[in-house]
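A closer look at the structure
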Amino acid sequence: MYRNVKNVPYYIFGKGSLAQLDDLLRERRHEEGEGVVFFIDHFFYGKDLVASLPVEQGDRVIYVDATHEPTTDYMDVLAAKVREANSSPLSCMVALGGGSVMDACKAVANLMTNPGLAEDYQGWELVKNPPVYKIAVPTLAGTGSECSRTCVLSNVKKRLKLGMNSDYTVFDQVIMDPELTRSVPRDQFFYTGMDTYMHCFETLTGSYRNRIVDALAEKAVAMCEDIFLSDDMMDEVNLEKMMIASYLGGMATGYVGVVHPFSAGLSVALHMRHGIANCYALTVLEDIYPEQHAQFMRMLERQQVHLPGGICRRLSAEDYDILYEGAIVHENSLSNRLGPDFKQILSKQNVIERFKRM
Ligand SMILES: [Fe+2]
């Protein structure tokens with residue numbers, strides 16, 4: 001059986017395309033339901049961008065705290081906030097932000113039409129009812145959340161990082177306006193952009209393959225190399241390119257490899273954000289990804305991005321256990337690159353030594 005793949009049905013791409021949000025919402029406002037809920041990255045609080053949005057009476061703006069990765073508990077809090085303000089069905093939800101804000105919008109849109117808590121839907125094909133219509137406006141490029149069928153959520157109690165994998169999680173519309181990424185701090189632009197690079201090379205160097213995914217991933221990797229080996233990763237052309245690479249990379253998300261499990265360990269144990277955690281992970285995988293490791297070091301240097309060392313020094317034995325468990329639990333990904341006997345290379349001692357080198 002071949003998988004039946006769902007993609008984002010509509011997208012708009014181009015500099016200044018955010019201006020078309022008003023028209024898109026107007027079409028939705030005539031449908032049944034009332035009000036639009038905007039999920040906005042708290043980074044934009046008080047900024048001009050928010051004042052320029054087509055917010056009308058009855059709409060609601062909710063600032064999403066993206067300091068940490070989204071948790072299931074936080075999704076329940078956001079869902080309660082939306083419910084309490086809007087008694088009638090919503091006509092639309094809009095996410096304006098990076099991966100965390102887009103993932104929060106996807107999760108809450110599912111929770112608006114499906115009973116229970118966010119953690120009830122962590123897994124595959126668990127969402128039963130069609131969610132609220134939702135539009136993504138990425139302000140950061142690289143996670144691929146704008147077009148993927150999941151939203152990554154940390155369940156703190158269960159120490160589980162797993163999304164709501166479902167066709168219902170896919171956005172109905174995406175607006176890609178590269179202009180919105182211009183104000184991103186340079187380091188963050190790099191770390192998040194690298195997420196596309198890592199997803200795609202991990203897919204391409206794995207053993208589970210799909211030809212369409214390969215084609216998309218190859219293009220996204222080449223674009224990332226162009227961007228991050230150029231003189232200025234944030235010049236006008238590169239802002240556009242990065243948004244496209246993220247979109248292609250999001251569609252190419254398949255099985256990852258060894259970078260993402262190590263990155264997940266850092267997120268679980270040290271609450272480190274995903275993009276930068278990926279970067280640390282690759283710095284200690286030179287034997288597993290020699291070519292990509294060398295390329296990555298060149299990119300870091302070319303863009304003069306700093307990755308301070310020593311992040312896992314002087315941790316307790318218990319912390320190292322959490323790092324190890326947080327990485328080794330991702331068996332599918334690890335065996336995708338290293339085969340089913342991956343523990344022969346990644347013994348507990350080997351894994352902990354790698355973390356200590358970061
Ligand atoms: Fe990722």
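Relevant structure appears above.
Everything in this summary refers to the structure shown in the same document. Just so you know, the residues in each chain are numbered from 1, in the order the chain's sequence is written. Two thresholds apply to this predicted model, a pLDDT of at least 70 for residue-level local features and 80 or more for giving and counting side-chain atom pairs, whereas whole-chain, interface and lining totals are computed over all residues. Just so you know, side-chain values use all the structure's heavy atoms and leave hydrogens and water out.

**Regarding the overall build of the protein chain**
For the record, the criterion: Each helix is a run of H or I in the DSSP string that is no shorter than four residues. Each strand is a run of E no shorter than two, and both are numbered from the N terminus. Here the globule rule is a power law, 2.2 Å times the number of residues to the power 0.38, and the radius of gyration is based on C-alpha atoms. Think of it in three bands: with a 1.4 Å probe and only protein chains considered, a residue is buried below 20% of the maximum accessible area for its type, exposed above 50%, and partly exposed in between. Positive: Lys, Arg. Negative: Asp, Glu. His and the chain ends are not part of the count. By convention, the charge on Lys lies at NZ, on Arg at CZ, on Asp at CG and on Glu at CD.
Across its full length, the protein chain holds 13 helices and ten strands. Taking 358 residues into account, the globule formula puts the C-alpha radius of gyration at 21 Å, and the protein chain, at 20 Å, falls close to it. In terms of principal-axis extent, the alpha carbons of the protein chain reach across some 60 × 45 × 45 Å. Expressed as a percentage of the 358 residues in the protein chain, the buried residues total 56%. Both charge centroids of the protein chain, one from 35 positive and one from 47 negative side chains, sit 4 Å from each other.

**Considering unusual backbone geometry**
Even without being glycine, Glu125 reaches a positive phi, approximately 55°. Relative to the assigned elements, Glu125 resides in the loop between β5 (123-124) and β6 (134-138). A positive phi angle, close to 55°, is found at His271, a residue other than glycine. With respect to the secondary-structure elements, His271 resides in the loop between α8 (259-270) and α9 (274-283).

**As for the packing of aromatic side chains**
The following threshold applies: Any two of the Phe, Tyr and Trp rings considered here, Trp counted by its six-membered ring, make a pair once their centres fall within 6.5 Å; the pair's planes then place it as stacked at under 30 degrees, edge-to-face at over 60, or tilted in between. Here, over-ring charges are defined by two tests on the NZ atom of lysine or the CZ atom of arginine: distance to the ring centre within 6 Å, and angle to the ring normal within 35 degrees.
Taken as a whole and assessed by the stated rule, the structure comprises eleven aromatic pairs. With centroids separated by 6.4 Å and ring planes inclined at 50°, the aromatic side chains of Phe189 and Phe228 adopt a geometry described as tilted. In this pair, Phe189 is assigned in helix α5 (residues 186-204) and Phe228 in helix α6 (residues 211-228), connecting sequence segments 39 residues apart. On the accessibility criterion, Phe189 (1% relative accessible area) is buried. Their ring planes at 70° and their centres at 5.0 Å tell us that Phe201 and Tyr289 sit as a pair that is edge-to-face. You can see Phe201 sitting in helix α5 and its partner Tyr289 sitting in the loop between α9 and α10 (290-302), a full 88 residues away along the chain. When its relative accessible area of 2% is taken as the criterion, Phe201 is described as buried. The buried category is assigned to Tyr289, whose relative accessible area is 0%. An aromatic cluster is built from Phe189, Phe190, Tyr191, Phe228 and Phe296, whose rings are joined through pairwise contacts. One cation-aromatic arrangement involves Arg28 over Tyr133; the distance from NZ or CZ to the ring centre is 3.6 Å.

**Describing the coordination of the iron ion**
For a metal bound by four donors in tetrahedral geometry, the ideal donor-metal-donor angle is 109.5 degrees, whereas six donors in octahedral geometry ideally sit at 90 or 180 degrees. Note the cut-off: Listed donors are limited to N, O and S atoms within 2.8 Å of the metal, widened to 3.2 Å for Na, K and Ca; water is not among them, so incomplete-looking sites are possible. Every angle between 85 and 135 degrees makes a four-donor site tetrahedral, while opposite donors more than 155 degrees apart, with all other angles between 65 and 115, make a four-donor site square planar and a six-donor site octahedral; other sites are irregular.
In this structure, Asp195 (OD), His199 (NE2), His260 (NE2) and His274 (NE2) serve as the protein donors to the iron ion, at separations of 2.1 to 2.3 Å. Classification of the site at the iron ion rests on its four donor atoms, whose angles at the metal span 84 to 170°, yielding the label irregular. Donor residues for the iron ion, ordered by position in the chain, follow D-x3-H-x60-H-x13-H. Of this pair, His199 sits in helix α5 while His274 is found in helix α9, placing the two residues 75 residues apart along the sequence. The buried category is assigned to His199, whose relative accessible area is 10%.

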